[in-house]
There are 2 protein chains.
Amino acid sequence: MFGCLVAGRLVQAAPQQVAEDKFVFDIPDYENINHIVVFMLGTIPFPEGMGGSVYFCYPDPSGMAVWQLLGFVTNEKPSAIFKISGLKSGKGSQHPFGAMNLPQTPTVAQIGISVELLENLAQQTPVASAAVSSVDSFTEFTQKMLDNFYNFASSFAVTQAQMTPNPSEAFIPANVVLKW
Amino acid sequence: MFGCLVAGRLVQAAPQQVAEDKFVFDIPDYENINHIVVFMLGTIPFPEGMGGSVYFCYPDPSGMAVWQLLGFVTNEKPSAIFKISGLKSGKGSQHPFGAMNLPQTPTVAQIGISVELLENLAQQTPVASAAVSSVDSFTEFTQKMLDNFYNFASSFAVTQAQMTPNPSEAFIPANVVLKW
């Protein structure tokens, strides 16, 4: 029903089914991973009114499983790319794999998919840093960053009348910052 | 041999084979696409010493096919994520699909995979903006952008002695830009 692909590696299409509604892929050497793609194979759709929540699970330094909600796949949106790099320092989320006791190996993480009612999925909030869609608003992001910068720099702006004499300090005309 | 996945959509695993060494996936509604994943199914490896160059092909306003080299898949790196949004204004690259005369439909793009000698692939340069790995060096990227900005802004820097009197123009001390 599901496939999983670590960018750069071979696709996996045979998750371990750990419960009637729960599927797990092992992700070896997870510390060298940037992106993971989770997708439905297209063979079996979700039952009407249901979808899948996608979790990333990795062992914390003491070997305990930390679960983080990455996002969702549904019949309407049957695939998603998640950014994994940068998740490792985050806190765990609530998750439905509690009783599974999946064996934890230091370098092996898991992708867990839990089939649930769509209305339940709608109440769950994925880890923000996992959304690759944020990448798509790259221009927007950099624009916001530059706006922040202009606001920051402007707070230091002076006119010549306000300057204390100091012939060696260099000044940048504020409109240069704006134009850039 | 190959699969193709548009983020958010169903996976495709049956490309059209347009020549012995060339495979094409149709990508409908390509203007609303951000990322495309291309991967080997894992059933048949490339012949020894060979790999695949991956092209994105879309129709320009006059309906002519524009091909852009996104990157590569090989037996050692059998999958890759490419960023498609932002490619549409770019120039076409040299490509090996010249004689194919693939039908161009206004909203349908193609992913083309050409099986070639690895030593030929090594001489090809993909479109820089297609690399999702650049996303991973996000901090590096913004740092570079800010360095560029500082260099740009500094070229306008003046000391008080060089200023022409204009009491209304605002100036930002250059060290504020550096500190940020």
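- By the naming in an unreviewed UniProt entry, chain A is Protein Hikeshi, taken from Calypte anna.
- One UniProt comment on chain A, placed under Subunit (unreviewed entry), says "Forms an asymmetric homodimer; required for binding and nuclear import of HSP70 proteins. Interacts with ATP-bound HSP70 proteins."
- Within the UniProt record for chain A, the comment given under Function (unreviewed entry) is "Acts as a specific nuclear import carrier for HSP70 proteins following heat-shock stress: acts by mediating the nucleoporin-dependent translocation of ATP-bound HSP70 proteins into the nucleus. HSP70 proteins import is required to protect cells from heat shock damages. Does not translocate ADP-bound HSP70 proteins into the nucleus."

1. Quick word on the sheet that holds strand β5 (residues 50-59) of chain B
Pairing between the strands of a sheet comes from backbone hydrogen bonds, and it takes one of two forms, parallel or antiparallel.
Residue and element names in this part refer to chain B.
For step 1, the next point in the chain: If you trace the 5 strands from one edge of the open sheet to the other, you get β2-β3-β8-β5-β6, paired in antiparallel fashion. The sheet terminates laterally at β2 (16-19) and β6 (65-73), the two strands that pair on one side only. Pairs of neighbouring strands in the sheet enclose a mean axial angle of 30 degrees, with direction left out of account.
For step 2, the next point in the chain: With 8 bridges joining them, β5 and strand β8 (residues 109-117) adopt antiparallel strand pairing. Bridge pairing links C57 to Q110 in β8.

2. Things to note about the pattern of salt bridges
If the charged atoms of two oppositely charged side chains come close together, the side chains can form a pair.
All names here are of chain B.
For step 1, the next point in the chain: The final tally for this structure, using the stated rule, is 4 salt bridges over all chains.
For step 2, the next point in the chain: The shortest N-O distance in the salt bridge between K22 and D21 comes to 3.2 Å.
For step 3, the next point in the chain: You can call K22 buried: its relative accessible area is 7%.
For step 4, the next point in the chain: For D21, a relative accessible area of 30% translates into the label partly exposed.

3. Remarks on the packing of aromatic side chains
For step 1, the next point in the chain: Taken as a whole and judged by the stated rule, the model has 17 aromatic pairs over all chains.
For step 2, the next point in the chain: Between F2 of chain A and F46 of chain A, the ring centres sit 5.7 Å apart and the planes meet at 50 degrees, which makes this aromatic pair tilted. One end of the pair, F2 of chain A, is in strand β1 (residues 2-6); the other, F46 of chain A, is in the loop between β4 (35-40) and β5 (50-59), and 44 residues separate them in sequence.
For step 3, the next point in the chain: With a centroid separation of 5.7 Å and 75 degrees between ring planes, the pair formed by Y55 of chain B and F97 of chain B is classed as edge-to-face. Placement of the pair is Y55 of chain B in strand β5 and F97 of chain B in the loop between β7 (79-83) and β8, with a sequence separation of 42 residues.

4. Overview of the side chain of T74 of chain A
For step 1, the next point in the chain: In this structure, T74 of chain A sits in the loop between β6 (65-73) and β7 (79-83).
For step 2, the next point in the chain: Setting aside residues no more than four positions away along its own chain, T74 of chain A makes contact with M40, F46, G51 and L118 of chain A.

5. A look at the sheet that holds strand β1 (residues 2-6) of chain B
Residue and element names in this part refer to chain B.
For step 1, the next point in the chain: Overall, antiparallel pairing links the 3 strands, which are arranged β1-β4-β7 in an open sheet. Bordering the open sheet on either side are β1 and β7, each of which pairs with just one other strand. Averaged over neighbouring strand pairs, the angle between their axes works out to 15 degrees when direction is ignored.
For step 2, the next point in the chain: The pairing of strand β4 (residues 35-40) with β7 spans 5 bridges and is antiparallel. Along β7, the bridge assignment pairs I36 with F82.

Analysis parameters
- Residues numbered from 1 in each chain as written.
- Chains lettered and ligands numbered in written order.
- Predicted model: local features only at pLDDT ≥ 70, side-chain atom pairs only at ≥ 80, totals over all residues.
- Heavy atoms only, no water.
- UniProt positions renumbered as here; feature names shortened; annotations may be inferred.
- Pairing = 2+ DSSP bridges.
- Helix = DSSP H or I, 4+ residues; strand = E, 2+ residues; numbered from the N terminus.
- Axes fitted to C-alpha atoms, helices over the stretch in contact; angles between N-to-C directions.
- Salt bridge = Lys/Arg side-chain N within 4 Å of Asp/Glu carboxyl O.
- Buried < 20%, exposed > 50% of the residue type's maximum accessible area, 1.4 Å probe, protein only.
- Phe/Tyr/Trp six-rings, centres within 6.5 Å; stacked < 30°, edge-to-face > 60°.
- Contact = heavy atoms within 4.5 Å.

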